[in-house]
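Observations on chain architecture
Listed here are the chains, written in short residue letters.
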Amino acid sequence: KLTLQNKKFVRYLCMYALLFFGLQAFLSGIYYIAGDMMGLVNAEGVTDGAKLGLMNAAAFAPVPIMLLIMNYINKKKGILFALRVGLVCFAVAMGVFLLAWQGWGIPIDKSYIGMIAGVIGSFAIGVFFTVPYAIPSQIAAEEAAATGKNRAAMYFAVQGLVNQIAAALAGSLFVVNVVKIRLWSNATGAFLVPIVIIIACIASFILVGTLKPHAKAASNSQS
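1. Thoughts on the confidence of the model for the protein chain
- Here the protein chain averages 89 in pLDDT, and 95% of its residues register 70 or above.
- Note that pLDDT drops below 50 for residues 214-223; the model gives that stretch five contacts with residues more than four away or on any other chain.

2. Considerations on the state of the cysteines
- Going through the model one piece at a time under the given rule, you end up with zero disulfides.
- Of the cysteine sulfurs around Cys201, a residue in no disulfide, the closest is that of Cys89, at 10 Å.
- Owing to a relative accessible area of 4%, Cys201 belongs among the buried residues under this scheme.

3. Considerations on the packing of aromatic side chains
- Applying the stated criterion across every chain, the model contains eleven aromatic pairs.
- Look at Phe21 and Phe174: their rings are 5.6 Å apart centre to centre, the planes differ by 45°, and that puts the pair in the tilted class. Here Phe21 is found in helix α1 (residues 7-37), whereas its partner Phe174 is found in helix α6 (residues 152-178), with 153 residues between them in sequence.
- Given a relative accessible area of 18%, Phe21 falls into the buried group.
- The class of Phe174 is buried, set by a relative accessible area of 16%.
- With a centroid separation of 5.9 Å and 45° between ring planes, the pair formed by Phe26 and Phe97 is classed as tilted. Here the residue Phe26 occupies a position in helix α1, and Phe97 occupies one in helix α4 (residues 79-99), the gap between them amounting to 71 residues.
- In this structure Phe26 comes out as buried when scored by relative accessible area, which is 4%.
- Accessibility expressed as a relative area gives 2% for Phe97, which makes it buried.
- Chaining the aromatic ring pairs together yields one cluster made of Phe9, Tyr12, Tyr16, Phe20 and Tyr155.

4. Thoughts on the nonpolar core
- In this structure, Tyr12, Met37, Leu83, Phe90, Phe97 and Phe128 are the most contacted members of the largest nonpolar core, which totals 70 residues.
- Secondary-structure elements contributing two or more residues to this core are α1, α2 (49-60), α3 (63-77), α4, α5 (110-147), α6 and α7 (192-208).
- Looking at this core, the element that brings in the most residues is α1, giving 15 residues.
- Beyond its immediate stretch of four places on either side in the chain, Phe128 contacts Leu19, Leu23, Leu83, Gly86, Leu87 and Phe90.

5. Notes on the packing of α4 against α7
- The interhelical angle for the contact between α4 and α7, taken along N-to-C directions, is 165°, at an axis separation of 9 Å. When the interaxial angle is binned, α4 and α7 end up roughly antiparallel. Like other packed secondary-structure pairs, α4 and α7 cross with a definite hand, here left-handed. Residues Leu80, Leu83, Arg84, Leu87, Val88, Phe90, Ala91, Met94, Gly95 and Leu98 of α4 touch α7, and the partners they reach there are Pro194, Ile195, Ile197, Ile198, Cys201, Ser204, Phe205, Ile206 and Val208.

6. Some remarks on the packing of α4 against α5
- Between α4 and α5, whose axes approach to 8 Å, the crossing angle comes to 150°. In terms of orientation, α4 and α5 fall into the roughly antiparallel class. Judged by the sense of rotation from one axis to the other, the crossing of α4 with α5 is left-handed.
- Among the residues making up the contact of α4 with α5, the classes are represented as 23 nonpolar, four polar and no charged.

7. What about the environment of Tyr12?
- Residue position: Tyr12 is located in helix α1.
- Along the backbone, Tyr12 and Gly121 are 109 residues apart, and their C-alpha atoms lie at a distance of 22 Å.
- Discounting residues that sit within four places of it in the chain, Tyr12 has contacts with Val131, Pro132, Ile135, Pro136, Ile139, Gln159 and Leu211.

8. Comments concerning the side chain of Glu143
- Among the secondary structure elements, Glu143 is positioned in helix α5.
- Apart from residues lying up to four places away in sequence, Glu143 is in contact with Asn6, Gly148, Lys149, Arg151 and Tyr155.

9. A closer look at the environment of Pro62
- Its location among the elements puts Pro62 in the loop between α2 and α3.
- Apart from the residues within four sequence positions on either side, Pro62 is in contact with Ala57 and Ser122.

Cut-offs applied
- Residues numbered from 1 in each chain as written.
- Predicted model: local features only at pLDDT ≥ 70, side-chain atom pairs only at ≥ 80, totals over all residues.
- Heavy atoms only, no water.
- pLDDT = per-residue confidence, 0-100.
- Contact = heavy atoms within 4.5 Å.
- Disulfide = S-S within 2.5 Å.
- Buried < 20%, exposed > 50% of the residue type's maximum accessible area, 1.4 Å probe, protein only.
- Phe/Tyr/Trp six-rings, centres within 6.5 Å; stacked < 30°, edge-to-face > 60°.
- Helix = DSSP H or I, 4+ residues; strand = E, 2+ residues; numbered from the N terminus.
- Core = buried A, V, L, I, M, F, W, Y, C linked by side-chain atoms within 4.5 Å.
- Axes fitted to C-alpha atoms, helices over the stretch in contact; angles between N-to-C directions.
- Parallel < 35°, antiparallel > 145°, perpendicular 65-115°, else oblique.
- Left-handed = near helix turned anticlockwise from the far one by under 90°.
- Nonpolar A, V, L, I, M, F, W, Y, C, P; charged D, E, K, R; others polar.

Structure, rendered in structure tokens:
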């Protein structure tokens, strides 16, 4: 009850739920994006595992390097600025995936476009896996400075619950059902997955503006 009375933490949970919904929708939906939307299928008519693997590698292999870049941005501008950059990168990556739709008729291997999108999104993936540790700790530090009570452990517990709910909604409810939709002759609901993720990124981006730390707490956190 006390945890949920912290309005800033509740705003963070809303932002985090949207962010993680988008990330999980991508992770759950990339198989359908590659096969149904981009047309990357093998002789058996199913998603080409080799090309999907290359796209995943492009998204995850650069993450350690992207974390170094994120740490630099964090030191110069703060974690919230880095988060906003990550959200923009993820939205742009989803837009690049939309360019790879087979219906556009672009005469190149769509997996190349997918790899470009993966590299752009890799910065966001690094940020998204860092934020759940950094921001709740920052909020807890602000609260401890004001009240003398530190509820960081409970914040992480509640965040974990929201994480699981968002993951279930993104994968088991949204992606599984939306890919069954037939939009038109050569597009299934997989085309909608990047669009919904972009909307989630925009909403998260707006909510980040409500999480600016108090100057004293931010100084203590950085030190």
